[in-house]
Each structure stands twice: as structure tokens, then as C-alpha cells.
Amino acid sequence: MSAPGAIRANAPSTTLRVSEIFRSLQGEGPSAGTPAHFLRLQGCDVGCHWCDTKYSWDVAGGSERTVADVFADLRALGEAPLLVVTGGEPLAHPGVDRLLAAAVGQWPRIEVETSGLEPPPLAHERLHYIWSPKLPSVTPRWAETWAHAGRFLGDPRTTVKLVVGTGDHDDALRLVREHRLPRERVMLMPEGLTDQAVRAGARALAPLCQREGFRLSPRLHVWLWGAKRGV
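Anyway, here's the lowdown on the structure attached to this text. This is a predicted model, so every value here is computed, not measured.

1. Some remarks on the sheet that holds strand 9 (residues 215-216)
At step 1: Read across the open sheet, the nine strands follow the order 3-1-2-4-5-6-7-8-9; overall the sheet is mixed. Looking at the sheet topology across the chains shown, the edges are occupied by strand 3 (63-66) and strand 9.
At step 2: Sheet analysis places strand 8 (residues 186-190) next to strand 9, joined by two bridges and oriented parallel. Each bridged residue has a counterpart across the sheet, and for Leu 188 the counterpart in strand 9 is Leu 216.
At step 3: The sheet strands contacting helix 1 (residues 67-76) are strand 1 (15-25), strand 2 (35-41), strand 3 and strand 4 (82-86), and the helix crosses strand 3 at an angle near 90°.
At step 4: Packed on one face of the sheet, helix 5 (residues 195-212) meets strand 7 (159-164), strand 8 and strand 9 and runs near 150° to strand 8.

2. Describing helix 4 (residues 169-178)
Helical geometry note: an α-helix holds 3.6 residues per turn, so side chains three or four residues apart project in the same direction.
At step 1: Of all the positions in helix 4, only Ala 172, Leu 173, Leu 175 and Val 176 are classed as buried. All buried residues of helix 4 fall inside an arc of 165° around its axis, so they share one side. Every exposed residue of helix 4 that faces more than 90 degrees away from the buried side is listed here: Asp 170 and Glu 178.
At step 2: Where helix 4 is buried, its residues contact strand 7, strand 8 and helix 5.
At step 3: With its phi angle positive at about 50°, Arg 180 sits one or two positions after the end of helix 4.

What counts, and where the lines are drawn
- Residue positions are given per chain, counted from 1 along the sequence in the order it is written.
- Thresholds applied to this predicted model are a pLDDT of at least 70 for local features of residues and 80 or more for the giving and counting of side-chain atom pairs; totals over whole chains, interfaces and linings are not thresholded and use all residues.
- In computing side-chain values, all of the structure's heavy atoms are included and hydrogens and water are not.
- Pairing between two strands is assigned when DSSP locates at least 2 bridges connecting them.
- For the purposes of this entry, the term helix denotes a DSSP run of H or I that reaches at least four residues, the term strand denotes a run of E that reaches at least two, and both are numbered from the N terminus.
- Here, two residues are considered to be in contact whenever any of their heavy atoms come within 4.5 Å of each other.
- Angles run from 0 to 180 degrees between N-to-C directions of axes, and those axes are lines fitted to C-alpha atoms, restricted for helices to the stretch in contact.
- Categorising residues by exposure relies on relative accessible area from a 1.4 Å probe, with only protein chains included: less than 20% of the type maximum marks a residue as buried, more than 50% marks it as exposed, and the intermediate range marks it as partly exposed.
- The reported arc concerns the directions from the helix axis to the C-beta atoms and nothing else.

And the structure:
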């Protein structure tokens, strides 16, 4: 295995549709606050009404890049112990398995942020899925994002991150129970694109997390910089 800072000479020539790459702090989930490289892949048809990255939906958007070139560009931004592969819907990309297989030799930790519309393609000790299935108010395709629950939960490194709006508390709790999600692996994150909205949502979710044993996910990037690209 290569050292974390090395670019492997045999990185695959697989191409992927890339929306953007940047270096920032992970704002959500179990690694919130960690310096991270971000690779946002292009293309998503889940259709979440509150999505803050709708520019990544169009499969014809972004640019076609090889994995080797993407890795080199990420490293040029400076070092980070975490690679976040996000979207769009990253698991919808045919070459994502080869991307992830190469990434586990490059970074100490890789997080894949996914709706769960597609099953996990690879398991590895450095690879962590942040599975974010959708609630009924969010998209007509919400049930499809729960279809591979068993596959995601079968990997002990998967964290379940539910984005919860004002009227979603009962549905979130019902689906956790129906799918028998381990409480210690569930994070609730407030919906919101402003600091004020996220704070209000977090205050509303805090009692539910305390009562049910869930964790509460922040949205640090919204707090620090607002809802914009490249953060």
C-alpha cells in the first residue's frame, strides 16, 4: 500500500464525470470538523426538493476526468487525512468501484456520501459509507433509497445520516424502527440552508436524539460560510 501522500503510478485511467473538487472541513456526519479533500461527482436523479447542490444533478454537467488526474489535483490543494466522495449520487457512476479501490491506498479515511439508491460496491477498512436515505416528504423516490438497507448495515463502518425537516420527526423515527437501524449508528441532521434554520432545526432534534440515543449532526459549512459552492 502506498504512503497516504503518494500518487500511485498505476492509478486507474477510469474516467468519471466530476462536478467540483476542493479542500475544506467536513461539515457533517461522524468526521465533522476534519480537514478533507472533496470530490463531488456529477449526476443525480433522486430529486430531493431541499437539495443545496442542484448544480450537480445534470449528468451532462461538470467535466470528464480520469481518476489519476483527480487525485493529482486534490493533492495539489494541500494534504488532508480524509477524502469525501459526494455528489450528485456517487454510487450511480459505473467507475466508482475502481475510484474507491484506488483511493483506499491514498487516504487514511474515505467517506462516501450516498442516498443509497445503489448498493455499496466495495468494502474496506478505510472506506466508510455515510448512507443518507430519504424521508417521504423529500422525494417521490424516497422508498428506493431504503432498498439496500441490509447491504449498508452489513458494513459496520456505515453511518446512517437522516436529514430531518420540521414535519419529518415521526417518519424518521418510524423508518428507524421499521428497518431496525442500530441507534448508535444513526445521526439526525437538521434541514436548512441558513445558520438560523440549521440552529432551529438542531434545537428541535436535540430532545429526540437524547431520548432515542441518536447522534446529532452539525452542518458546520453552513455555519461558517453559508450555503455556497467549494466549502
